[in-house]
Amino acid sequence: MSAIIRLFSTALMFVLAQQVVAAPGVDHRRIVDADGEPGNWLSHGRTYDEQRYSPLQLINSGNVEQLGLAWSFDVNSNRGLEATPIVVDGVMFVSGVWNIVYALDAATGALLWEYDPRVPRNIARKLCCDAVNRGVAVWGDKVYIGTLDGRLVALYAADGTLAWETMTVDPEQAYSITGAPRIVKGLVIIGNGGAEFGVRGYVDAYAAETGERAWRFYTVPANPADGCENEALAMAADTWNGEWWRLGGGGTVWDSLAYDPELDLLYLGVGNGSPWNRRLRSPGGGDNLFLSSIVALRPKTGEYVWHYQVVPAETWDYTATQHMILADIEWQGEIRRVLMQAPKSGFFMIIDRVTGEFLSAEPFVEVTWASHYDPDTGRPVENPGQDYAGGSALVKPASGGAHNFQPMAYHPGTGLVYIPIMETGFKYIDRTELPYERWLRQTGVVQWETPPGDELFLKLISEKVASGHLQAWNPRTQSEAWRVDYSSIWNSGVLATAGNLVFHGSGNRFFRAYLADSGEQLWEFPTQTGVIAAPATYTVNGEQYVTILAGWGGAFGLNSGVKPPPGPKRSRVLTFKLGGRQQL
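Residues numbered from 1 in each chain as written. Predicted model: local features only at pLDDT ≥ 70, side-chain atom pairs only at ≥ 80, totals over all residues. Heavy atoms only, no water.

A.B. asks: Honestly, the sheet that holds strand β6 (residues 111-115) in this entry has me stumped. Any pointers?
C.D. replies: Strand pairing in a sheet is mediated by backbone hydrogen bonds. Such pairs are either parallel or antiparallel. On the basis of which strands lie adjacent, the open sheet formed by 4 strands has the order β3-β4-β5-β6 and antiparallel pairing. Looking at the sheet topology across the chains shown, the edges are occupied by β3 (86-88) and β6. Mean inter-strand twist for the sheet, computed between neighbouring axes without regard to direction, equals 15 degrees. (Pairing = 2+ DSSP bridges. Helix = DSSP H or I, 4+ residues; strand = E, 2+ residues; numbered from the N terminus. Axes fitted to C-alpha atoms, helices over the stretch in contact; angles between N-to-C directions.)

Right, dumping it as structure tokens:
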């Protein structure tokens, strides 16, 4: 009898794997009008403004305690999961480790199809931060993913077969892709990573239908003797010194993108320099544009419009690639169209997204590298000695940042931004000559000598050098509204909903719901492994679901040496609904 059951189960799985799903038909208008169909999650941040707020409220503060597991789906690895699922008309599209793409029935978790782009495993030597991926994009009849080896892959949404793929990087260099694509007016926008290993950053746009490249925007200049690709880079070249191009320059756009359809502006969050140490990278000084900047482009052409540099001449790995949120808020008595970011540097940034004008920057964690931002110039005022030019300096935040890739969320009802916070410090040591080790050669610093793994983590926690919490930040007053402390510094992204709820996962194996206005915990679920991805919510047949990927890893999980929490380590998709009774 058991053999018959196994045979039936195998046959059923084969049928499910061969199932054809309806093409999603997502286009520009559907994403712009996403609030008109809140039961779907059509883009990485649900909407182009990346607020990660859902108008759904079938699950709310009055009934969230009834939330239970509806289904789970185990992926093909127990490593870190960072993706936000895309859900279109009852089908979930999600990426796992090594860029494997899964199409799942969003109501049951049944596997509809699976695609493995067969990323060579030896590509791991080019990765700073684990074999992770932050998600796919959907447009027309296709699903898109950027791969760790630098390809942009388009799959037919109906069955997961390959439509086209194109190599977006020079495979001889240490480029990689971990970020999720965004699609604007039929162009797939994708950046890359690799600044730690000496590459030159850029963003590409490809035709969604054919894969043909439409434009490329470099974020740092090359050798001026060879000519600059555009006037913006000629301007940027004046802010560099020495022969930075021999070291790469950096400035990779490895994560955050946002788009304003009314202004028709695409916003890029630009990363750190290569090497980190500015005295090695640009020995004569200079701001080193467009490192650690927010850059606004025309999405159809890649034409430069404006920029704002968050950390001029950054030298601490203070990227501006962290999640950007577009919102219209009351600011000093008038409604302003703003862009908000809580970057690694520890200052909550508010800029006018029409012009790039600086509006405000206030610390949301303890900060030592700068005292404040000059309100007239919009530039930070650095504290003496914190650039480690004197030999070394203990600096806060650490290179991992006060906030890393994990997306924050904005709730227009409460007016609060919910940020997964890391309070950390890092000892930087200046190098007059580049050491031989590849990572240190490119960063130009030596890390703080500390015990490895769990011993390091316990030391940091006990000495109050590192802590984590979920923070509710009021952008209008530039102050903290409430916080929830965590025992881990490496926690998940955030989801806010109209049900007066905030959902957040933790590195210590829990997924929780809080009151959006006060932070009171209302519900929790033990996830059996650390959670670092971001939640999403959707409906199928009138039922609301909340879903998140659970899987310990990523930059801290990989590089710290800290062991994952004890217990089962299975990486999986976890999806919840009211009255769910599934057991792990």
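A.B. asks: Before we go on, may I ask you to explain the layout of surface pockets in this structure?
C.D. replies: Regions of empty space are outlined by a rolling probe, equal in size to a water molecule, passed over the atoms. When its volume is computed, the second largest pocket comes out at roughly 440 Å³. Surrounding the second largest pocket, 20 residues form its lining, Asp49, Gln51, Pro261, Leu326 and Arg353 being those nearest its centre. In terms of residue count, the dominant contributor to the lining of the second largest pocket is strand β21 (residues 324-331) (3 residues). (1 Å grid on protein atoms, 1.4 Å probe; cavity = no way out; pocket = protein on both sides within 12 Å on 5 of 7 lines; lining within 4 Å. Points joined across faces, edges and corners; volume = space filled by probe spheres on them.)

A.B. asks: It is not clear to me how the state of the cysteines should be interpreted in this structure. Could you clarify?
C.D. replies: Should the sulfur atoms of two cysteines be covalently bonded, the bond is a disulfide. In total, this model carries 1 disulfide according to the counting rule given. Disulfide pairing is shown between Cys128 and Cys129; the S-S distance is 2.1 Å. What sets the handedness of the Cys128 and Cys129 disulfide is the S-S torsion sign, and at about -95 degrees it is left-handed. (Disulfide = S-S within 2.5 Å.)

A.B. asks: How should the sheet that holds strand β8 (residues 142-146) be read in this particular structure?
C.D. replies: Pairing in this open sheet of 4 strands is antiparallel, and the strands run β7-β8-β9-β10 from one edge to the other. Edge positions in the sheet fall to β7 (137-139) and β10 (162-167), since each has one partner strand and no second. When strand polarity is set aside, the average angle formed by the axes of neighbouring strands in this sheet is 20 degrees. Sheet topology places β8 next to strand β9 (residues 151-156); 5 bridges connect them, and they run antiparallel. Within β9, the residue paired with Ile145 across the bridge is Val153.

A.B. asks: Whenever I open this one, empty space enclosed by the protein confuses me. Can you help?
C.D. replies: Applying the stated criterion across every chain yields a total of 5 cavities of 30 Å³ or more. Within this model, the largest cavity holds a volume of roughly 90 Å³. Taken together, 13 residues make up the lining of the largest cavity; nearest its centre are His44, Arg52, Asp255, Phe405 and Pro407. Partitioning the lining of the largest cavity into residue classes produces 3 nonpolar, 4 polar and 6 charged. The calculated volume of the second largest cavity comes to roughly 60 Å³. Forming the walls of the second largest cavity are Ile177, Thr178, Gly179, Ala180, Ile190, Gly191, Asn192, Val253, Trp254, Asp255 and Leu257. Class assignment of the residues belonging to the lining of the second largest cavity gives a composition of 6 nonpolar, 4 polar and 1 charged. (Nonpolar A, V, L, I, M, F, W, Y, C, P; charged D, E, K, R; others polar.)

A.B. asks: Where do I start with the pairing of strand β31 (residues 467-474) in this structure?
C.D. replies: Extensive coverage of β31 is indicated by the burial of 7 of its 8 residues. Where strand β29 (residues 416-423) and β31 come together, 7 bridges link them in antiparallel fashion. Bridged to Pro420 within β31 is Leu470. Alignment of β31 against strand β32 (residues 479-486), held across 7 bridges, turns out to be antiparallel. Its bridge partner lying in β32, Leu470 is registered against Val484. Taken together, β31 and the strand that follows it, β32, pair antiparallel across an intervening segment of 4 residues, in which Gln478 is found at a positive phi of about 50 degrees. (Buried < 20%, exposed > 50% of the residue type's maximum accessible area, 1.4 Å probe, protein only.)

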